[in-house]
Amino acid sequence: MRAIWKGAVTFGLVNVPVKIYSATEDHDVSLHQVHDADGGRIRYRRVCEVCGETVPYEHIDKAYDDGEHVVVLTREDFAALPAESNREIEVVEFVPSDQVDPILLDRTYYLEPDSTSPKAYVLLRRTLEETDRTAIVKFALRQRTRLAALRVRDEVLTLQTLLWADEIRAAEFPALDGSTSVSDKELAMSAQLVSAYEADFAPEEYTDEYQAQLRQLIDAKIEKGDTMDAAETFGEQPEGEGAEVVDLMEALRRSVAAQRKTG
């Protein structure tokens, strides 16, 4: 892995030098667009509207347009911002871990100690573990001020960037405003269904079926000279029938019974 940021976690007078690494990676099959008539690659050109020339990335700046004025911002302008030049991950508070709403979580990063002695790193890790707290931190990464949750995973400090509060949409659904009654029998049957599905979560047991099928289709087309279609590869899939409205209790009973047979 390649570090994407270097700096230090600071809380009080404690300074913990760290390197940041992306903790996740995209495994999607890479595709590009082609012309359906001849298979020619479709490419997008970055063309200047003033001179008509194609512009390489190194000569592209950013601009703000308020409708009356256009302000051009260069790489040097961004680098000069105080927040961007700050190389500290500042701990602003330690909160109970269950107070961090999962809906706020965004990207996850690993923190590696970046000093000859990892003692300060281990101290922070042990402190978080033994107090059952999550550190809320602020830092700048890629031209954005970030709020993040600092916690421990498998003896490694992880940084999970958080969405800002105003980036979370309110859930307003009129259908849930009324008073829908649920009987005790329905709740009891639903609890039985939950019990029938109880298990310890093991993420490694799940796979991305769409990507696996896409790779299977691509391999089949290569082997057959691009003459294989999806139906021939995967077989004909039965067309879905219209959803049937059934009694809730009956649906729960069927689900519990079916799970018991396969359990």
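Up top is the structure these notes are about.
Okay, so let's go over this structure. (Residues numbered from 1 in each chain as written. Predicted model: local features only at pLDDT ≥ 70, side-chain atom pairs only at ≥ 80, totals over all residues. Heavy atoms only, no water.)

## Quick word on the sheet that holds strand S8 (residues 145-153)
One key point about sheets: their strands pair by backbone hydrogen bonds, in either a parallel or an antiparallel sense.
At step 1: Sheet architecture is closed into a barrel: seven strands sit in the order S1-S2-S6-S9-S8-S7-S5, paired in mixed fashion. The mean inter-strand angle of the sheet, taken between neighbouring strand axes irrespective of direction, is 40 degrees.
At step 2: Where strand S7 (residues 133-140) and S8 come together, six bridges link them in antiparallel fashion. Residue pairing across strands places Lys 138 opposite Leu 147, the latter belonging to S8. (Pairing = 2+ DSSP bridges. Helix = DSSP H or I, 4+ residues; strand = E, 2+ residues; numbered from the N terminus. Axes fitted to C-alpha atoms, helices over the stretch in contact; angles between N-to-C directions.)

## Here's the deal with the pairing of S8
At step 1: Remark: four residues form the turn of the hairpin made by S7 and S8, two consecutive strands paired antiparallel; Arg 142 in that turn has positive phi of roughly 50 degrees.
At step 2: Between S8 and the antiparallel strand that follows it, strand S9 (residues 156-162), lie two residues; Asp 154 among them carries a positive phi value of about 50 degrees.

## Describing the pairing of strand S6 (residues 105-113)
It is a general feature of regular strands that their side chains alternate between the two faces of the sheet.
At step 1: Of the pairings in the sheet, the one linking strand S2 (residues 14-22) to S6 comprises five bridges and is antiparallel in character. Residue pairing in the sheet places Ile 20 in a bridge with Leu 111 of S6.
At step 2: Examined bridge by bridge, S6 and S9 share five bridges and lie antiparallel to one another. By the bridge assignment, Tyr 110 is partnered in S9 with Thr 158.

## Concerning the pattern of salt bridges
Should their charged atoms come close, side chains of opposite charge can pair.
At step 1: Summed over all chains, the structure comprises four salt bridges.
At step 2: Arg 75 is the partner of Asp 61 in a salt bridge, and the nearest nitrogen-oxygen pair spans 3.9 Å. Placement of the pair is Asp 61 in the loop between S2 and strand S3 (62-65) and Arg 75 in helix H1 (residues 75-79), with a sequence separation of 14 residues.
At step 3: A relative accessible area of 38% means that Asp 61 is categorised as partly exposed.
At step 4: In this structure, Arg 153 and Asp 154 form a salt bridge, with 3.5 Å as the shortest nitrogen-oxygen distance.
At step 5: Residue classification places Arg 153 among the partly exposed residues on the basis of a relative accessible area of 47%.
At step 6: Residue Asp 154 is classed as exposed on the basis of its relative accessible area, which comes to 64%. (Salt bridge = Lys/Arg side-chain N within 4 Å of Asp/Glu carboxyl O. Buried < 20%, exposed > 50% of the residue type's maximum accessible area, 1.4 Å probe, protein only.)

## Let's talk about the side chain of Arg 125
At step 1: Here Arg 125 lies in helix H3 (residues 119-131).
At step 2: Glu 129 is the oppositely charged side chain nearest to the buried, salt-bridge-free Arg 125, at an N-O distance of 4.3 Å.
At step 3: At 3.2 Å, the side chain of Arg 125 and the backbone oxygen of Glu 155 are in polar contact.
At step 4: Among residues more than four places away in sequence, those in contact with Arg 125 are Val 152, Glu 155, Val 156 and Leu 157. (Lys, Arg positive; Asp, Glu negative; His and termini not counted. Polar contact = N/O pair within 3.5 Å; in protein donor to acceptor, adjacent residues only side chain to side chain. Contact = heavy atoms within 4.5 Å.)

## Overview of helix H7 (residues 248-262)
At step 1: With 15 residues, H7 should cover 21 Å at 1.5 Å per step; its first-to-last C-alpha distance of 21 Å lies within 8% of that length.
At step 2: Those residues of H7 that sit buried are Met 249, Leu 252, Val 256 and Gln 259. The buried residues of H7 all sit within an arc of 100 degrees when viewed along its axis, so they share a single face. Turned more than 90 degrees away from the buried face of H7, the exposed residues are Lys 261 and Thr 262.
At step 3: Buried positions along H7 lie against helix H4 (184-196). (Expected span 1.5 Å × (residues − 1). Arc of directions from axis to C-beta.)

## As for the nonpolar core
At step 1: Residues Val 9, Ile 89, Leu 111, Val 137, Leu 150 and Leu 159 are the most contacted members of the largest nonpolar core, which totals 21 residues.
At step 2: Every element with two or more residues in this core is listed here: strand S1 (5-11), S2, strand S5 (88-96), S6, H3, S7, S8 and S9.
At step 3: Leaving out residues up to four positions away in the same chain, Ile 89 has contacts with Trp 5, Ala 8, Val 9, Thr 10, Val 18, Ile 20, Val 137, Lys 138, Phe 139 and Leu 159.
At step 4: Of all hydrophobic cores here, the second largest spans six residues; its members include Ile 136, Leu 147, Ala 149 and Leu 162. (Core = buried A, V, L, I, M, F, W, Y, C linked by side-chain atoms within 4.5 Å.)

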